[in-house]
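Each chain, letter by letter, is given below.
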Amino acid sequence: MNDNITAGSPASDSSLPGDGYVGDPAVRAEWDDRYADRRQLWSGRPNGALVAEAAGLTPGRVLDVGCGEGADAVWLARGGWDVTALEVSGVALERAAGHARDAGVAIRRVHAALTEAALPPASFDLVSAQYPALLRTPDAAAERALLTAVAPGGVLLLVHHAGMDTQQAHDSGFDPADYVWPSMVAALLTDDWKVEVNEQRPRVAPDGGAGAHHTDDLVLRARRLR
């Protein structure tokens, strides 16, 4: 499930085993198809909200949830973070590994769904989830997995597209009610957490790539106190 990718190392060209994925095969197939349909799905530049919110943080261990093609993971690694990049799409993870090699940085890949990844609890100084497609469950498993991963003193940064959570189901089959939104995570925060940011604001968006038409972000930044 885990694969360390370090620039210049012999292991950096190794691919994840085909049976190493932990999660729903249908979800993996859906996202693999989406990535395989284009040579590059996203802009290749880090998300603006991550850059703004993480710039003042002391680098430590970071979990990049839904790392995609690795732009955020590479930016974080360049900034001195020890990066664990989690993604359901093996196609995306291979691209992320290639971008890390090209940038001369190391990332650790985890090919799994967040709720199935068996990540060590309370072990990340930053958990970053930028526009994640996390499916809702009756027991709020995804929301709780985000919170559980944050170490005491660490930060959860959850960013999503504003307005999508109130949309009606699309003819394409996309129903916002099926997914986790920042308000759902905020509702689970206890006195063990301090909310530092919880707002809607204009999106600082990289040019190009899917999703570039969204203009506003929902940003939740919360620090775990204990």
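Not measured: the values here are computed from a predicted model.

J.: What exactly am I supposed to notice about the confidence of the model for the protein chain here?
T.: It should be kept in mind that the predicted coordinates are not to be read in detail where pLDDT is low. Averaged over every residue, the pLDDT of the protein chain is 87; residues scoring 70 or more account for 83%. Across residues 5-18 the pLDDT falls below 50, and counting only partners more than four positions away or on other chains, this stretch makes 31 contacts in the model.

J.: Sorry, what's going on with the environment of Asp82 here?
T.: Structurally, the position occupied by Asp82 is in strand S3 (residues 82-87). Distance in space between the C-alpha atoms of Asp82 and Gly60 is 6.0 Å, their sequence separation being 22 residues. Residues in contact with Asp82, not counting those within four places in the same chain, are Gly60, Arg61, Val62 and Arg108. One polar contact links Asp82 to Arg108, side chain to side chain, over a distance of 3.4 Å.

J.: For this particular structure, what's the right way to read the environment of Val159?
T.: Along the chain, Val159 turns up in strand S6 (residues 150-161). In sequence terms Val159 and Asn47 are 112 residues apart; their C-alpha atoms lie 9.5 Å from each other. Setting aside residues up to four positions removed in sequence, Val159 forms contacts with Ala49, Ala129, Gln130, Tyr131, Pro132, Asp217, Leu218 and Val219.

J.: What is the right way to read unusual backbone geometry from this model?
T.: Of all residues except glycine, most have a negative phi; of all peptide bonds, most are trans. One non-glycine residue, Ala118, lies in the positive phi region at around 55 degrees. Of note, Ala118 is situated in the loop between strand S4 (107-111) and strand S5 (124-130). For Tyr131, which is not glycine, the phi torsion reads 55 degrees and is therefore positive. Within the secondary structure layout, Tyr131 lies in the loop between S5 and helix H5 (141-149).

J.: I'm lost on the packing of aromatic side chains in this one. Help?
T.: Two numbers describe a pair of aromatic rings. These are the distance of the centres and the angle of the planes. Taken as a whole, this structure holds one aromatic pair when the rule is applied. When the centroid spacing of 6.2 Å and the interplanar angle of 40 degrees are considered together, the rings of Trp31 and Tyr35 count as tilted. Of this pair, Trp31 and Tyr35 both sit in helix H1 (residues 25-36), separated by four residues, roughly a single helical turn. For the pair Trp31 and Tyr35, a shared accessibility class is recorded, and that class is buried. Directly above the aromatic system of Trp31 lies the positively charged group of Arg34, at a separation of 4.1 Å from the ring centroid. If you follow Arg61 out to its NZ or CZ, it ends over the ring of Phe124, 4.9 Å from the centre.

Parameters at a glance
- Residues numbered from 1 in each chain as written.
- Predicted model: local features only at pLDDT ≥ 70, side-chain atom pairs only at ≥ 80, totals over all residues.
- Heavy atoms only, no water.
- pLDDT = per-residue confidence, 0-100.
- Contact = heavy atoms within 4.5 Å.
- Helix = DSSP H or I, 4+ residues; strand = E, 2+ residues; numbered from the N terminus.
- Polar contact = N/O pair within 3.5 Å; in protein donor to acceptor, adjacent residues only side chain to side chain.
- Phe/Tyr/Trp six-rings, centres within 6.5 Å; stacked < 30°, edge-to-face > 60°.
- Buried < 20%, exposed > 50% of the residue type's maximum accessible area, 1.4 Å probe, protein only.
- Lys NZ or Arg CZ within 6 Å of the ring centre and 35° of its normal.

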